[in-house]
Amino acid sequence: MTLNQFEKLKEFKTASFALWNPNHKKFTDTEYIKENLKSLHTRIIILGLNPSRRVKINFLENFHKLGRGGRDRWYAEAFNKEKEPFCGAYMSDFIFYPETNSKEIELKWKEKKSFRKNNIKNLKKQFKILNINNPVIICIGRCTKLLLSQCKEFCEEFSITVTNIYTIGNTNGYRKKGAKEKFINDVKNLGKNIKKIIKLT
């Protein structure tokens, strides 16, 4: 990750990285990301579906906010482990439109060509800045993978293959007792499989 690439990403409010300040009291400190530019990479791309709330978020704040039942802390605990494949990975949302109901997103995607076009264009710009080629994609939630798999030309342009697309459950779907531990363990097991196909540097 170069400083030039990093700076160009600032126009995208959903853009962030799987890196959090290890100081619990500085969880929302996104300056920590820029201070550790060498730790950032695009070997793995972690894609959420869309921003789940309409409150304003700034560059790097996506997945790094307090609230939401502490769900962003789940991502930090699961992905922010040194020497693991996810740490430092690029994170963004497939759709930049804020909506709490994923079914509404699916409906807009199905019925509005302009909605599909604008969101694909937005993600494509991010991928081009980062020179994405043949990445491992981690989709957060079933819907994210469903919509991505429908973008044939997009996947071909960035050499995204079906075998390199994985899914991890959305944190909102982990509602039973011990849910956070199960989510973290699911991510850990996924990491073990990914380590077999990518080279960590």
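Just so we're clear, the structure is a prediction, and the values are computed from it rather than from any experiment. (Residues numbered from 1 in each chain as written. Predicted model: local features only at pLDDT ≥ 70, side-chain atom pairs only at ≥ 80, totals over all residues. Heavy atoms only, no water.)

Draft legend 1. Highlighting the overall build of the protein chain. Scanning the protein chain from terminus to terminus reveals 8 helices and 5 strands. Mapped in sequence order, the helices and strands of the protein chain form the string α-β-α-β-α-β-α-α-β-α-α-β-α. Taking 201 residues into account, the globule formula puts the C-alpha radius of gyration at 17 Å, and the protein chain, at 16 Å, falls close to it. Projected onto its principal axes, the C-alpha coordinates of the protein chain cover approximately 45 × 40 × 35 Å. Looking at the protein chain residue by residue over its 201 residues, the buried ones come to 46%. The contacts of the protein chain with a sequence gap of at least 6 include a subset with a gap of at least 24, amounting to 79%. In the form shown here, the protein chain has an accessible surface area of approximately 11,000 Å², with 49% of it arising from carbon and sulfur atoms. Placing the 41 positive and 20 negative side-chain charges of the protein chain at their respective mean positions leaves the two points 2 Å apart. (Helix = DSSP H or I, 4+ residues; strand = E, 2+ residues; numbered from the N terminus. Rg over C-alpha atoms; globule rule 2.2 N^0.38 Å. Buried < 20%, exposed > 50% of the residue type's maximum accessible area, 1.4 Å probe, protein only. Contact = heavy atoms within 4.5 Å. Areas by Shrake-Rupley, 256 points an atom, 1.4 Å probe, with all protein chains shown as cover. Lys, Arg positive; Asp, Glu negative; His and termini not counted. Charge placed at Lys NZ, Arg CZ, Asp CG, Glu CD.)

Draft legend 2. Layout of the environment of Glu 31. Within the element layout of this structure, Glu 31 appears in helix α2 (residues 31–35). Each C-alpha atom of the pair Glu 31 and Trp 20 lies 9.6 Å from the other, and the pair is 11 residues apart in sequence.

Draft legend 3. The arrangement of the packing of helix α4 (residues 102–111) against helix α6 (residues 142–149) in detail. Direction vectors running N to C along α4 and α6 enclose 10 degrees, while the axes themselves pass 11 Å from each other. By the criterion of interaxial angle, the relationship of α4 to α6 is roughly parallel. Across from Ser 102, Ile 105, Glu 106 and Trp 109 in α4, the residues of α6 making contact are Arg 142, Cys 143, Leu 146 and Leu 147. Residue composition of the contact of α4 with α6, by class: 5 nonpolar, 1 polar and 2 charged. (Axes fitted to C-alpha atoms, helices over the stretch in contact; angles between N-to-C directions. Parallel < 35°, antiparallel > 145°, perpendicular 65-115°, else oblique. Nonpolar A, V, L, I, M, F, W, Y, C, P; charged D, E, K, R; others polar.)

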